[in-house]
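# Structural characterization, general
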Protein chains: 2
Amino acid sequence: MTPIITAFERSPDRGKGLARDMRVRWALEEVGQAYAVRLVSFHAMKEPAHRALHPFGQIPTYEEDDLVLFESGAIVLHIAERHAGLLPDEANARARAIAWMFAALNTVEPPILELATAGLLEGDKPWTGQRLPLVRDRIRNRLGDLSARLGDADWLDAEFSAGDLMIVGVLLRLKASGLLDEYPNLAAYVARGEARPAFQRAFEAQLAVFTGTPPTG
Amino acid sequence: MTPIITAFERSPDRGKGLARDMRVRWALEEVGQAYAVRLVSFHAMKEPAHRALHPFGQIPTYEEDDLVLFESGAIVLHIAERHAGLLPDEANARARAIAWMFAALNTVEPPILELATAGLLEGDKPWTGQRLPLVRDRIRNRLGDLSARLGDADWLDAEFSAGDLMIVGVLLRLKASGLLDEYPNLAAYVARGEARPAFQRAFEAQLAVFTGTPPTG
């Protein structure tokens, strides 16, 4: 069967491609796997039918025959393991690409999530003005390390991989913050990711949900 | 060669087993793989020699023949893929176990990291007293969902897997907060993880670093 993913019926980013279905769409486009999309409202996400697919009531999910998966990292890894194009063939290079996937989600993204949370859930609190510079500095710590490792390479470990896909996917969330521009090699790295035809196709598909054009699924 | 992992020379948790080397030690013990440990000081972690192994200057790392890995999630997955005992054989069950690994690191751990950060890096700030209840509620959101999914099962998806190992490893960080006790089935789940002989061996080995007993490596 054609895999089915879920995405927000109304993405809070209004089609900027920052929701986590974008990472899965991008991976599917990179490997040339067609997919269908089921849109889910914020209300329906928390109902039992969707929670049976995703215990935390979020998107994306992935359904393929008898398999149901949640977590964008797990879905992208599943896709990468079953198709050529997102993981190197050589065992050690493959393990390193997967390490960058985990680094994206457990080392780079947490302080970026803190910044988003500070705006979304604590934007009206009296401390937020004073606290934001601390959170931004914690993001800079990660970006400085990442920038040093990347250097002037195109991708983090020779060829483009699912590791780059996840790191770029996470760094995209910093665009509005201006932080990425402090690290020109990271800004160029993200732009390289965005310039990939597969990214472009995925971006257009998620934007179409917001603009009302039927999804390409 | 015997794999070599790195761990803190002086763990900030004073041997409570909350540093990320514990997850890797536990996985190695579950599969019966001997390992050596190289201890790293906070100073040395940020030096070029260690950063060549870990771009973010953290622990743990994993060295085996020509392979160098960082990120506890990637290391545990690498171990689980090469030995029996941490991932089911059946393809769909294997993918779901990996999904729980990602859920541990990208969905459950981020608000727990926020709580730790609030204490460690913002403990002296005037807003922390008012802000902590908000952070604790964000953790409760995750714990409530996890508790509902677990129900009265022993493990998250039939047999114990690397997914349970990572979820338990993350939930252990909540012990001092008292939050775990609000969800009796999660507290019992964590206790089941801690009762595993492999966990016990791993815990003793990391504690020995702090108490001065030579590591068993």
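Structural data are supplied above this passage.
Cut-offs applied
- Residues numbered from 1 in each chain as written.
- Chains lettered and ligands numbered in written order.
- Predicted model: local features only at pLDDT ≥ 70, side-chain atom pairs only at ≥ 80, totals over all residues.
- Heavy atoms only, no water.
- Contact = heavy atoms within 4.5 Å.
- Buried area = accessible area lost by both parts, 1.4 Å probe.
- Salt bridge = Lys/Arg side-chain N within 4 Å of Asp/Glu carboxyl O.
- Polar contact = N/O pair within 3.5 Å; in protein donor to acceptor, adjacent residues only side chain to side chain.
- Helix = DSSP H or I, 4+ residues; strand = E, 2+ residues; numbered from the N terminus.
- Nonpolar A, V, L, I, M, F, W, Y, C, P; charged D, E, K, R; others polar.
- Axes fitted to C-alpha atoms, helices over the stretch in contact; angles between N-to-C directions.
- Left-handed = near helix turned anticlockwise from the far one by under 90°.
- Phe/Tyr/Trp six-rings, centres within 6.5 Å; stacked < 30°, edge-to-face > 60°.
- Buried < 20%, exposed > 50% of the residue type's maximum accessible area, 1.4 Å probe, protein only.
- Lys NZ or Arg CZ within 6 Å of the ring centre and 35° of its normal.

## Description of the interface of chain B and chain A
At the junction of the two partners, chain B supplies 52 residues and chain A supplies 52 residues. For the pair chain B and chain A, the summed buried surface comes to about 4,400 Å²; carbon and sulfur atoms form 60% of the total. For the pair chain B and chain A, the number of links is 8 salt bridges. In this structure, A:Glu122 engages B:Arg138 in a salt bridge whose closest nitrogen and oxygen atoms are separated by 2.8 Å. One can count 20 residue pairs in polar contact (both at pLDDT 80 or more) joining chain B with chain A. Looking at the side of chain B that touches chain A, the elements with two or more residues in it are strand E4 (67-70), helix H4 (72-82), helix H5 (91-120) and helix H6 (128-150) of chain B. No other element matches H5(B), which puts 20 residues into the side of chain B that touches chain A. Its residues assigned to classes, the side of chain B that touches chain A comprises 26 nonpolar, 9 polar and 17 charged.

## Comments concerning the packing of helix H1 (residues 21-31) of chain A against helix H7 (residues 162-171) of chain A
Residues and elements named next belong to chain A. Packing of H1 against H7 brings their axes to within 10 Å, and their N-to-C directions diverge by 145°. Between H1 and H7 the crossing geometry is right-handed. Residue-level inspection shows Arg 23, Trp 26, Ala 27 and Glu 30 of H1 in contact with H7, the latter providing Leu 165, Met 166, Val 168, Gly 169 and Val 170. Considering only residue class, the contact of H1 with H7 consists of 6 nonpolar, 1 polar and 2 charged.

## Section: the packing of aromatic side chains
For the structure shown, the criterion picks out 19 aromatic pairs over all chains. Judged by centre distance (6.4 Å) and plane angle (50°), the ring pair of A:Phe56 and A:Phe70 falls under tilted. Residue A:Phe56 is found in the loop between helix H3 (48-51) and strand E3 (61-64), and its partner A:Phe70 is found in strand E4 (residues 67-70); the two are separated by 14 residues along the sequence. A residue is classified by how much of its surface remains accessible, and A:Phe70, at 6% relative accessible area, is buried. Their ring planes at 75° and their centres at 5.1 Å tell us that A:Trp100 and B:Phe70 sit as a pair that is edge-to-face. Taken together, the residues span two chains, with A:Trp100 in helix H5 (residues 91-120) and B:Phe70 in strand E4. Lying across the ring of A:Phe160, A:Arg196 places its NZ or CZ 3.6 Å from the centre.

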